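# Tertiary structure, described
Next come the chains, spelled out residue by residue.
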Amino acid sequence: NHLHKMDRYIVFADIVNKINRSNGKFVPILFVISTSSMLILDQRTMQIKYRVPAGGIVKLSLSPFLDDIAVFHVRASSPTREIRSQANIPSCLSSEAVKRKGDFVFQTGHVIEIVTKLFLVVQNCTGKPPAVNIATQFNANFGTHSVTLQFKSIGDGAGGA
């Protein structure tokens, strides 16, 4: 795969669950933070599904519970899907903006590490940190509509969505 030349250095990589916006199902993906972007890859083929430049990440939301859920809020024009180029070089990948799909929702056992690394990458690339929201309720953009995510404690402090 051809990465954007600013994505040469990997800051963090892990297999995490991407939570589908449409049906709430968990899909394992390779989540990569480079020095300039967030990358989402198919864990089997290593094909880049999305590349979000650090400047396109505007807010990081978490619940105050131990549920391992993180929501990464992106600008409307940020997510790009990597597609095969129509150029004469068949293995070359190019970036093309896709229809606005919405914010990204992930579940991972390394939520603190991912949020910390992404926070620092966004701050280093843009000169200002992304907003961090820790709350029991917040909105997320799921394409054409906004969804309110609400988290409640289930008695042992673990909580859940």
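Quantities reported herein were computed from a predicted structural model and do not represent experimental measurements.

## Some points on the overall build of the chain
Helix and strand counts for the chain stand at one helix and 12 strands. Shown N-terminal to C-terminal, the secondary structure of the chain runs as helices and strands in the order β-β-β-β-β-β-β-β-β-α-β-β-β. For the chain, with 161 residues in total, the buried portion stands at 40%. The long-range share in the chain, meaning contacts at least 24 apart out of those at least 6 apart in sequence, stands at 57%. When the accessible area of the chain is evaluated, it comes to approximately 8,800 Å², of which 54% is carbon and sulfur surface.

## Re the packing of aromatic side chains
Evaluation of the coordinates by the stated rule reveals six aromatic pairs. Judged by centre distance (5.0 Å) and plane angle (65°), the rings of F31 and F106 are edge-to-face. Pair noted here: F31 is in strand β2 (residues 26-34) and F106 is in strand β9 (residues 104-107), with a separation of 75 residues, a long-range link. Overall, the relative accessible area of 1% leaves F31 in the buried class. Taking 5.5 Å as the distance between ring centres and 50° as the angle between the ring planes, the aromatic pair formed by F72 and F106 counts as tilted. Of the two residues, F72 sits in strand β6 (residues 69-74) while F106 sits in strand β9, which places them 34 residues apart along the sequence. Here the guanidinium or amino end of R21 rests over the ring plane of F104, the centre of that ring lying 4.9 Å away.

## Quick word on the environment of V27
By the secondary structure assignment, V27 is in strand β2. Residue classification places V27 among the partly exposed positions, given a relative accessible area of 32%.

## Quick word on the environment of K59
Within the secondary structure layout, K59 lies in strand β5 (residues 57-62). A relative accessible area of 29% means that K59 is categorised as partly exposed. Considering only alpha carbons, one finds K59 and F72, 13 residues apart in sequence, at a separation of 6.1 Å. Discounting chain neighbours no more than four positions away, the residues touching K59 are V71, F72, H73, P130, A131 and N133.

## Side note on the nonpolar core
Counting residues in each nonpolar core, the largest one holds 24 residues, and the members touching the most others are F31, M38, I57, F72, F104, F106 and L118. Broken down by secondary-structure element, the contributors of at least two residues to this core are β1 (10-19), β2, β3 (37-41), β4 (48-53), β5, β6, β9 and α1 (111-126). No other element matches the six residues that α1 contributes to this core. In this structure L118 touches I33, M38, I57, L60 and F72, once residues within four positions along its chain are discounted. Membership of the second largest hydrophobic core comes to 10 residues, among which are I69, V71, V105 and F151.

## Describing the side chain of K18
With respect to the helices and strands, the residue K18 is situated in strand β1. Buried and unpaired, K18 has no salt bridge, with D42 as the nearest side chain of opposite charge at 11 Å. When near neighbours in sequence (up to four residues on either side) are disregarded, K18 contacts K25, F26, V27, I29, F104, V105 and F106.

## Here's the deal with α1
Taking 1.5 Å per residue, 16 residues should reach 22 Å; α1 reaches 22 Å between its end C-alpha atoms and fits that length. Residues V111, I114, V115, L118, V121 and V122 constitute the buried set of α1. Viewed along the axis of α1, the buried residues span an arc of 135°, placing them on a single side of the element. Away from its buried face, by an angle of more than 90 degrees, α1 presents the exposed residues I112 and N124. Along its buried surface, α1 packs onto β1, β2, β3, β5 and β6. Immediately downstream of α1, the backbone of G127 shows phi near 85°, a positive value.

What counts and what doesn't
- Residues numbered from 1 in each chain as written.
- Predicted model: local features only at pLDDT ≥ 70, side-chain atom pairs only at ≥ 80, totals over all residues.
- Heavy atoms only, no water.
- Helix = DSSP H or I, 4+ residues; strand = E, 2+ residues; numbered from the N terminus.
- Buried < 20%, exposed > 50% of the residue type's maximum accessible area, 1.4 Å probe, protein only.
- Contact = heavy atoms within 4.5 Å.
- Areas by Shrake-Rupley, 256 points an atom, 1.4 Å probe, with all protein chains shown as cover.
- Phe/Tyr/Trp six-rings, centres within 6.5 Å; stacked < 30°, edge-to-face > 60°.
- Lys NZ or Arg CZ within 6 Å of the ring centre and 35° of its normal.
- Core = buried A, V, L, I, M, F, W, Y, C linked by side-chain atoms within 4.5 Å.
- Lys, Arg positive; Asp, Glu negative; His and termini not counted.
- Salt bridge = Lys/Arg side-chain N within 4 Å of Asp/Glu carboxyl O.
- Expected span 1.5 Å × (residues − 1).
- Arc of directions from axis to C-beta.

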